[in-house]
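Observations on the three-dimensional arrangement
Here is what each chain is made of, one letter per residue.
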Amino acid sequence: MEGDGSTTDASQLGMPGEYMTGSHYVLQSQDDDGDESLHDHEEGNGSKENFREQDIYLPIANVARIMKNAVPQTGKIAKDAKECVQECVSEFISFITSEASERCHQEKRKTINGEDILFAMSTLGFDMYVEPLKLYLQKFREAMKGEKGIGGISVTEGLGEELTDDSFANQLPAGIITADGQQQNVMVYTTSYQQIPGVQQIQFS
Amino acid sequence: MHVKMSGDNVNHASNSKGISLPMTRVKMIMKSSPDVSSINQEALLITTKATELFVQYLALSSFNNGSGKDNKTLLYSDLANTVEGTETFQFLTDILPKKIFARDYLKLIEEHPIEEADN
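Rules used throughout
Residues numbered from 1 in each chain as written. Chains lettered and ligands numbered in written order. Predicted model: local features only at pLDDT ≥ 70, side-chain atom pairs only at ≥ 80, totals over all residues. Heavy atoms only, no water. Salt bridge = Lys/Arg side-chain N within 4 Å of Asp/Glu carboxyl O. Helix = DSSP H or I, 4+ residues; strand = E, 2+ residues; numbered from the N terminus. Polar contact = N/O pair within 3.5 Å; in protein donor to acceptor, adjacent residues only side chain to side chain. Axes fitted to C-alpha atoms, helices over the stretch in contact; angles between N-to-C directions. Parallel < 35°, antiparallel > 145°, perpendicular 65-115°, else oblique. Left-handed = near helix turned anticlockwise from the far one by under 90°. Contact = heavy atoms within 4.5 Å. Nonpolar A, V, L, I, M, F, W, Y, C, P; charged D, E, K, R; others polar. Disulfide = S-S within 2.5 Å. Buried < 20%, exposed > 50% of the residue type's maximum accessible area, 1.4 Å probe, protein only. Phe/Tyr/Trp six-rings, centres within 6.5 Å; stacked < 30°, edge-to-face > 60°. pLDDT = per-residue confidence, 0-100. Core = buried A, V, L, I, M, F, W, Y, C linked by side-chain atoms within 4.5 Å.

Evaluated as defined, the whole model comprises 7 salt bridges over all chains. Linking Glu52 of chain B and Lys49 of chain B is a salt bridge whose minimum nitrogen-to-oxygen distance equals 3.3 Å. With Glu52 of chain B and Lys49 of chain B both in helix α3 (residues 41–64) and 3 residues apart, this pair spans about one turn of that helix. Through salt bridges that share partners, Arg103, Glu107, Arg109 and Asp116 of chain A make up one connected network.

What follows is the structure, given as structure tokens:
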């Protein structure tokens, strides 16, 4: 697992592979502290027969943090275990994605959507995630709607939605037309200095 | 604080939406699968969140499945054993071979001699 690129070591030792019935082994170095903190497999893992695209990993610090929070507080995690989970994660993502992608293609669509992912999870034995993920997605959608009014993203995106006629109805003072006679999207001040919700950070376009 | 990157306002979501994994990296991994053209924002979000859940699940199951000698540390071997024993994790068997020290392997060979092929 140290990126030594070896296949099952029976072949390296000149031993026939039949000995290893059922499971296969990889040689572990004597000094298996897993010292390297960088986990770049740029040369590509030679330990599988097929070419693997999973040379991209999530940062080990993030992975390790999640692991640490998952186990009891007094628990520790061996370095090679962290690296291993890091690889497993990439495998997991690819696993789900190819299943979702297949379904997508079957339905003649080009973009993988949330449903495809949820379907893939349920097919691949992760159906226990489906409900929590749906809930999570729902909360996210609601939160995103809320944020649009606060200016968390550029309001020019939300402009079409936010500036309904109602927003202006009772609060638009007579003097909104600017000096050169053109009506522009300038900051609107009411006489009571109440900012109109959703119209706080309008930019000149 | 909220840096808006063009076409990628999902990034600020990863801080404020309770996800601790970088979504752009997740997207990279997803795109490295063959035949994947595009992924919508929700799909990316769900996958990232699911990945978090997966890490938690794998770590905790393996930890509880501990070797017993030092059951306060999660070891590589715990992971390998858990993967072997759990159907849902079977897709990981190829990347999680059991490790064995060379000296132990040679001992095993000695104890169970088999006919050798040509050297």
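It is worth spelling out the environment of Asn40 of chain B at this point. Checked against the element boundaries, Asn40 of chain B lands in the loop between β1 (38–39) and α3. Among the polar contacts listed, one links the side chain of Asn40 of chain B to the backbone nitrogen of Glu42 of chain B, at a separation of 3.1 Å.

Our focus in this paragraph is the packing of helix α2 (residues 60–70) of chain A against α3 of chain B. Running from N to C, α2 of chain A and α3 of chain B point in directions that differ by 55 degrees, and their axes come no closer than 8 Å. Our classification of the angle between α2 of chain A and α3 of chain B gives oblique. Handedness of the crossing formed by α2 of chain A with α3 of chain B: right-handed. Along the contact surface, α2 of chain A presents Val63, Ile66, Met67 and Ala70 of chain A, while α3 of chain B presents Glu52, Val55, Gln56, Ala59 and Leu60 of chain B. Considered class by class, the residues forming the contact of α2 of chain A with α3 of chain B number 7 nonpolar, 1 polar and 1 charged.

Glancing now at the state of the cysteines. Residues and elements named next belong to chain A. Going through the model one piece at a time under the given rule, you end up with 0 disulfides over all chains. Free of any disulfide, Cys84 has its nearest neighbouring cysteine sulfur in Cys88, separated by 4.1 Å. Note on Cys84: relative accessible area 1%, which makes it buried.

On to the packing of aromatic side chains. As enumerated under the stated definition, the model contains 10 aromatic pairs over all chains in all. An angle of 5 degrees between the planes, with centres 4.2 Å apart, marks the rings of Phe92 of chain A and Phe54 of chain B as stacked. With Phe92 of chain A in helix α3 (residues 79–106) and Phe54 of chain B in helix α3, this residue pair bridges two chains. For Phe92 of chain A, a relative accessible area of 0% corresponds to the buried category. Summarising the aromatic geometry, the rings of Phe54 of chain B and Phe91 of chain B are spaced 6.2 Å apart at their centres and angled 40 degrees between planes, so their arrangement reads as tilted. Here Phe54 of chain B, found in helix α3, pairs with Phe91 of chain B, found in the loop between α4 (76–85) and β3 (98–101); they are 37 residues apart in sequence, far enough to count as distant. Side by side, Phe54 of chain B and Phe91 of chain B carry an identical accessibility label, which is buried. An aromatic cluster of at least three residues, connected via ring pairs, comprises Phe92, Phe95, Phe126 and Tyr129 of chain A together with Phe54, Tyr57, Phe89 and Phe91 of chain B.

Take the confidence of the model for chain B next. When the pLDDT values of chain B are averaged, the result is 81; 76% of them are 70 or greater. Overall, residues 4–14 of chain B carries pLDDT values under 50, and its contacts beyond four positions in sequence, including any with other chains, amount to 19 contacts.

Along the chain, the position of Glu83 of chain A falls in helix α3. Sequence-wise, Glu83 of chain A and Ala61 of chain A are 22 residues apart; in three dimensions their C-alpha atoms are separated by 10.0 Å.

Another aspect to go through is the nonpolar core. The biggest cluster of nonpolar side chains holds 60 residues, and the ones touching the most others in it are Phe92, Met121 and Phe126 of chain A together with Phe54 and Leu92 of chain B. Put simply, the parts of the chain that give this core at least two residues each are α2, α3, α4 (114–123) and α5 (130–150) of chain A together with α2 (23–31), α3 and α4 of chain B. Setting aside residues no more than four positions away along its own chain, Phe126 of chain A makes contact with Phe92, Ile96 and Met121 of chain A together with Phe54, Thr88, Phe89 and Phe91 of chain B.

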